[in-house]
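Remarks on the overall topology
For reference, the chains in residue letters:
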Amino acid sequence: MIGKSRLVVLFLFSFASLAVWQEVRREEVLVVSINGENQAALVDPATYKVLARLPTGINPHDIAVSADGRYAYVAVMGTTQEPGHSVTVLDLSRRAVKSAIELNPYNRCHDLRVSRNGARLWATCAPSKAVIEIDVSSGRIMRDWKLDQDGAWMLVVTPDERKIYTANLEGKSVSVIDRRANTVRTLPFDSSQIGIDVAPNGREVWVHHKEKQELSIIDVTTDKVVATLPSSGQGFGRVKFTPDGKYVLVPQNESKNLAVFGAAARKLIANISLSATPKVMTVAPDGKRAIITSPESDLAMVIDLVARKEVSTFPTGKTPDGVAWAAAPERR
């Protein structure tokens with residue numbers, strides 16, 4: 001028989017455990033930039049219902065989410081006539097706009113990444129042929145790197161945050177920034193590229209070439225191309241590793257397909273037909289689903305990566321572009 005004092009202790013222990021569980025519990029959310037409506041949509045990935053719509057500024061594009069899931073950073077591209085010069089910061093817990101980080105004299109930020117500790121933000125500014133490093137708390141530009149290459153629209157950062165790679169579309173090259181040495185190196189190619197990603201283990205960078213319909217694999221240690229393989233599709237394609245690093249996903253807009261490659265074997269293992277023209281992609285933390293936006297169709301596609309097929313679509317708003325999957329803090 002349990003005594004009264006022991007029951008009290010057990011009750012308090014259970015209550016404390018529940019409080020801790022509530023503190024660490026997270027709800028996932030999809031963040032989608034709605035290019036045609038100058039806003040970001042927060043979408044429930046279980047029901048695909050829009051939870052909130054938040055203003056971003058003109059022509060939002062790619063999105064980065066902090067490792068703790070608290071904030072999303074949206075690149076505000078603007079237009080040629082009215083260039084964007086900021087990054088919009090969204091508080092995902094409050095479902096509200098937190099602030100805007102000014103990038104002047106740089107503009108038309110297209111892609112960005114946030115550091116593991118949330119203190120730094122890296123952004124591409126293609127018209128300026130530069131990548132900038134921003135202190136998140138102050139919004140101050142700490143460093144910039146001149147690339148001397150056209151079309152640095154996309155970037156990736158290695159897990160150790162030592163190197164930054166940019167895919168230079170018009171420049172037909174990849175730029176390699178060594179943050180520790182503060183150097184920039186150019187890897188020339190004979191085809192345009194925009195799709196780029198780094199393996200979760202930090203050993204390889206995969207780049208997709210449009211005209212040649214090929215994937216190049218760059219060794220991060222040597223910054224040399226160690227393999228080239230057909231991309232099995234037509235048109236532009238982003239590149240995305242699954243979180244476990246086992247697969248590389250390449251959606252291609254002209255052929256409306258999602259190519260799935262085995263990362264270790266470096267070979268095509270599946271080709272998934274898509275119902276709409278794909279653009280930007282994110283993958284669930286468990287690696288079982290991918291979400292791909294289709295600006296032409298005002299929707300996003302849901303891909304079952306286990307069954308390797310498209311299973312549904314959901315409306316997003318006019319011209320969806322960037323998409324990111326966040327394990328956001330629970331709202332209070």
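As the structure is a computational prediction, the values presented were derived from the model and not from experiment. (Residues numbered from 1 in each chain as written. Predicted model: local features only at pLDDT ≥ 70, side-chain atom pairs only at ≥ 80, totals over all residues. Heavy atoms only, no water.)

**Considerations on the overall build of the protein**
A count of helical and extended segments in the protein gives one helix and 28 strands. In terms of overall dimensions, the protein is globule-like: its C-alpha atoms have a radius of gyration of 21 Å, near the 20 Å expected for 332 residues. In terms of overall dimensions, the protein has a C-alpha envelope of 80 × 45 × 40 Å along the principal axes. The buried share of the protein, reckoned over its 332 residues, is 52%. Nonlocal contacts in the protein, meaning residues at least 24 apart in sequence, comprise 42% of its contacts between residues at least 6 apart. (Helix = DSSP H or I, 4+ residues; strand = E, 2+ residues; numbered from the N terminus. Rg over C-alpha atoms; globule rule 2.2 N^0.38 Å. Buried < 20%, exposed > 50% of the residue type's maximum accessible area, 1.4 Å probe, protein only. Contact = heavy atoms within 4.5 Å.)

**Side note on the packing of aromatic side chains**
Under the counting rule described, the total for this entry stands at three aromatic pairs. Both rings, one in Trp206 and one in Phe241, keep their centres 5.9 Å apart while their planes meet at 80°; by these two values the pair is edge-to-face. Taken as a pair, Trp206 in strand S17 (residues 204–209) and Phe241 in strand S20 (residues 240–241) lie far apart in primary sequence, 35 residues in all. The exposure class assigned to Phe241 is buried, which follows from its relative accessible area of 5%. What links up through ring pairs into an aromatic cluster is the set Trp206, Phe241 and Phe261. Over the ring of Tyr71 we find Lys98, and its NZ or CZ is 5.5 Å from the ring centre. (Phe/Tyr/Trp six-rings, centres within 6.5 Å; stacked < 30°, edge-to-face > 60°. Lys NZ or Arg CZ within 6 Å of the ring centre and 35° of its normal.)

**Thoughts on the pairing of strand S6 (residues 83–91)**
Counting buried positions along S6 gives seven out of nine residues, so the element sits mostly inside the fold. Where strand S5 (residues 71–78) hands over to S6, the hairpin turn is made up of four residues, counted between the paired strands. Relative to strand S7 (residues 96–102), S6 runs antiparallel, the two being bridged by six bridges. Across the sheet, Val89 pairs through a bridge with Ser99, a residue of S7. (Pairing = 2+ DSSP bridges.)

**Brief notes about the side chain of Thr158**
Residue position: Thr158 is located in the loop between strand S12 (152–157) and strand S13 (163–168). In this structure Thr158 comes out as buried when scored by relative accessible area, which is 3%. Within the structure, the side chain of Thr158 is placed 3.4 Å from the backbone nitrogen of Arg162, a separation counted as a polar contact. Those residues within four positions of Thr158 in sequence are excluded, and the remaining contacts are Lys163, Tyr165, Val198 and Val220. (Polar contact = N/O pair within 3.5 Å; in protein donor to acceptor, adjacent residues only side chain to side chain.)

**Observations concerning the nonpolar core**
Buried together is how nonpolar side chains tend to be arranged in soluble globular proteins. Core analysis: the largest hydrophobic core is formed by 19 residues, its most contacted members being Trp153, Tyr165, Val174, Ile196, Val205 and Ile218. Elements with a contribution of two residues or more to this core: S12, S13, strand S14 (173–178), strand S16 (193–198) and S17. In this view, Ile218 contacts Val174, Leu187, Phe189, Arg203, Glu204, Val205, Val207, Asp223, Lys224 and Val225; residues no more than four positions away in its chain are not counted. (Core = buried A, V, L, I, M, F, W, Y, C linked by side-chain atoms within 4.5 Å.)

**As for the confidence of the model for the protein**
Per-residue confidence for the protein averages 91 on the pLDDT scale, and 91% of its residues sit at or above 70. Of the regions scoring below 50 in pLDDT, residues 4–25 engages in six contacts with residues more than four places distant in sequence or in other chains. (pLDDT = per-residue confidence, 0-100.)

**Thoughts on the sheet that holds S6**
Across the sheet, four strands lie side by side as S4-S5-S6-S7; this open sheet has antiparallel pairing. Strands at the two margins of the open sheet, each flanked by one partner only, are strand S4 (60–65) and S7. The mean inter-strand angle of the sheet, taken between neighbouring strand axes irrespective of direction, is 25°. (Axes fitted to C-alpha atoms, helices over the stretch in contact; angles between N-to-C directions.)

**Overview of the pattern of salt bridges**
Counting across every chain of the model gives 15 salt bridges. Note that Arg116 and Glu161 form a salt bridge whose closest N and O atoms lie 3.6 Å from each other. Of this pair, Arg116 sits in the loop between strand S8 (109–114) and strand S9 (120–125) while Glu161 is found in the loop between S12 and S13, placing the two residues 45 residues apart along the sequence. Note that Lys163 and Asp223 form a salt bridge whose closest N and O atoms lie 2.9 Å from each other. You can see Lys163 sitting in strand S13 and its partner Asp223 sitting in the loop between strand S18 (214–219) and strand S19 (224–230), a full 60 residues away along the chain. Look at Lys163 and you get buried, because its relative accessible area is 9%. (Salt bridge = Lys/Arg side-chain N within 4 Å of Asp/Glu carboxyl O.)

**Structural notes on the sheet that holds S18**
Pairing in this open sheet of four strands is antiparallel, and the strands run S16-S17-S18-S19 from one edge to the other. Edge positions in the open sheet fall to S16 and S19, since each of these has one partner strand only. Across the sheet, the mean angle separating the axes of adjacent strands is 20° when strand polarity is ignored.

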